[in-house]
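Descriptive structure summary
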Amino acid sequence: MTAGILEPGTLRTLIAARTAHALRRGALLSLPTESEFLEQGGVRFLVRILANLARKEQAGERQAGQAAASGKPVNPFLPYDEDLFVTGLTDTHLCLLNKYNVVDHHVLIVTRAFEDQQSPLERQDFEALWICLREFDSLGFYNAGPVAGASQPHKHLQLIPLPMAGEGPAIPMEPALTAARFQDSTGTSPLLPFLHAIGRFELDPAVSPPQAGETLRRHYQALRQAAGRQDAAYNLLVTRRWMLLVPRSRERFDAISVNALAFAGALLVRDEPQMSLLKEHGPMAVLKSVCF
Ligand code: AMP
């Protein structure tokens, strides 16, 4: 399949069709989970627990094994697995299925050429993200470096469809966003007990992707300045109406990894001991412990 450009209005169908294809080919290795809700600090967090830890561990071991055999680090996005290719988005970005997905139809927005995950996001990154976000109600997110939960160094934004859970708000963290107080377009929420910055905007779907990309980039820059700690790793969440940026001080609370989805109100734990730890401390306290 050639890496063509997306025809507007077709992304959802393409993702569904490619998912069916990748499952048939054994290229998509979904990680089954069970879930429950844990409430703290005015937010009802969705907590997933892996039903099959072995599969998650195989994922890391497979890449480590390939790296050892070839003597150099493996980049799963260059070259990417053709069976996971969804569509080209722009001259600079393409869309792949996430190979080890917990959430159905989770896609990655990957740069065609290598760029470092820790380099700043540019207009082109937001343009590709917007091309996806405007297709259907979805959440875009970014883990800027290993301390923010990134497992791959090749630049990749991510996108999941909304709603995130079968009940409650489309994004569990939404009550914190609703409580935000703004000065102009940048604000903070009294419900988030850690350093963060929130941006809000109205983007008409008729705005051209390059222009929308530039608007989003400007908001991102403003949030990086407003939040401070610009040398730190960070997580970014982007919807059609708001953006949340959270600088990170560490990757884990005990053995629990925290990435951008945790700040959307969805945590993933590996096993029962981690679930017990999360219940003991509470999810908001866990988030606080990995931020400033
Ligand atoms: P992150 O861990 O946030 O950096 O996101 C990288 C994602 O890439 C992970 O969620 C993995 O499931 C996914 N991944 C790993 N290997 C591949 C691959 N070969 N093709 C597509 N996605 C992959």
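None of the values given here were measured: they were computed from a predicted structure.

1. Considerations on helix H3 (residues 123–133)
The buried fraction of H3 amounts to nine of the 11 residues, a majority that puts the element mostly inside the structure. Of all the positions in H3, only Asp125, Phe126, Glu127, Ala128, Leu129, Trp130, Ile131, Cys132 and Leu133 are classed as buried.

2. A few points about the sheet that holds strand S1 (residues 33–40)
The three strands lie next to each other as S1-S2-S15, forming an open sheet whose pairing is mixed. Among the strands making up the open sheet, the edge pair consists of S1 and strand S15 (266–269). The mean inter-strand angle of the sheet, taken between neighbouring strand axes irrespective of direction, is 25 degrees. Where helix H6 (residues 272–281) meets the sheet, its contacts fall on S1, strand S2 (43–50) and S15, and the angle it forms with S1 comes to roughly 15 degrees.

3. Structural notes on the site of the ligand
Lining the immediate surroundings of the ligand are 15 residues, of which Asn98, Asn143, Ser151, His156 and Gln158 lie closest. Lys99 has a polar backbone atom sitting 3.2 Å from a nitrogen atom of the ligand. The contact in question runs from an oxygen atom of the ligand to an N or O atom on the side chain of His156, over 2.6 Å. Considered on its own, the ligand offers 490 Å² of accessible surface; in the complex 87% of this is hidden by protein.

4. Things to note about the sheet that holds strand S3 (residues 85–88)
Strand order in this open sheet of 10 strands is S3-S4-S5-S7-S6-S11-S12-S10-S9-S8, and the pairing throughout is antiparallel. A single partner strand is all that each edge strand has here, and the edge strands are S3 and strand S8 (181–183). Going across the sheet, the axis of each strand differs from the next one's by a mean of 25 degrees, ignoring polarity. By the bridge criterion, six bridges tie strand S11 (residues 233–238) to strand S12 (residues 242–248) in an arrangement that is antiparallel. Bridge pairing in S12 links Leu236 to Leu245.

5. As for the side chain of His93
Residue placement: His93 occurs in strand S4 (residues 93–97). For His93, the side chain forms a polar contact with the side chain of Thr92, separated by 2.8 Å. A polar atom in the side chain of His93 sits 2.7 Å from the side chain of Asp125. Every residue in contact with His93, bar those within four places of it in the chain, is listed here: Gly88, Ile109, Val110, Thr111, Arg112, Gln124, Asp125 and Ala128.

6. Regarding the packing of aromatic side chains
According to the stated counting rule, one finds five aromatic pairs in the structure shown. With centroids separated by 6.4 Å and ring planes inclined at 45 degrees, the aromatic side chains of Tyr142 and Tyr234 adopt a geometry described as tilted. Note that Tyr142 is positioned in strand S6 (residues 138–144) and Tyr234 in strand S11, a separation of 92 residues in sequence. Residue Tyr142 is classed as buried on the basis of its relative accessible area, which comes to 0%. Among the residues examined, Tyr234 registers a relative accessible area of 5% and is labelled buried. For the ring pair Phe194 and Phe263, a centre distance of 5.5 Å and an interplane angle of 80 degrees mean the geometry is edge-to-face. Taken as a pair, Phe194 in the loop between strand S9 (186–188) and strand S10 (197–200) and Phe263 in the loop between strand S14 (256–257) and S15 lie far apart in primary sequence, 69 residues in all. Residues Phe194 and Phe263 agree in their burial class; the two are buried. The rings of Phe126, Tyr142, Tyr220 and Tyr234 are connected pair by pair, giving a single aromatic cluster. The ring centre of Phe37 lies 4.0 Å from the NZ or CZ of Arg44, which sits over that ring.

7. Observations regarding the nonpolar core
Formed by 42 residues in total, the largest nonpolar core has its most connected members in Leu139, Met164, Met173, Leu237, Phe263 and Leu287. By residue number, the principal contributor to this core is S2, which donates four residues. Apart from the residues lying within four places of it in its own chain, the contact partners of Met164 are Leu46, Arg48, Leu139, Ala170, Ile171, Pro172, Leu261, Ala264 and Ala266. Counting 39 residues, the second largest nonpolar core, distinct from the first, contains Ala128, Ala144, Leu159 and Leu203.

8. Quick notes on helix H5 (residues 209–227)
Taking 1.5 Å as the rise per residue, H5 with 19 residues should run 27 Å; its terminal C-alpha atoms sit 26 Å apart, in good agreement. The set of residues buried in H5 consists of Pro209, Ala212, Gly213, Thr215, Leu216, His219, Tyr220, Leu223, Arg224 and Ala227.

9. Examining the environment of Arg18
Relative to the helices and strands, Arg18 is located in helix H1 (residues 11–25). It is 18 Å that separates the C-alpha atoms of Arg18 and His93, two residues lying 75 residues apart in sequence.

What counts as what
- Residues numbered from 1 in each chain as written.
- Predicted model: local features only at pLDDT ≥ 70, side-chain atom pairs only at ≥ 80, totals over all residues.
- Heavy atoms only, no water.
- Buried < 20%, exposed > 50% of the residue type's maximum accessible area, 1.4 Å probe, protein only.
- Helix = DSSP H or I, 4+ residues; strand = E, 2+ residues; numbered from the N terminus.
- Pairing = 2+ DSSP bridges.
- Axes fitted to C-alpha atoms, helices over the stretch in contact; angles between N-to-C directions.
- Contact = heavy atoms within 4.5 Å.
- Near = heavy atom within 4 Å.
- Polar contact = N/O pair within 3.5 Å; in protein donor to acceptor, adjacent residues only side chain to side chain.
- Areas by Shrake-Rupley, 256 points an atom, 1.4 Å probe, with all protein chains shown as cover.
- Phe/Tyr/Trp six-rings, centres within 6.5 Å; stacked < 30°, edge-to-face > 60°.
- Lys NZ or Arg CZ within 6 Å of the ring centre and 35° of its normal.
- Core = buried A, V, L, I, M, F, W, Y, C linked by side-chain atoms within 4.5 Å.
- Expected span 1.5 Å × (residues − 1).

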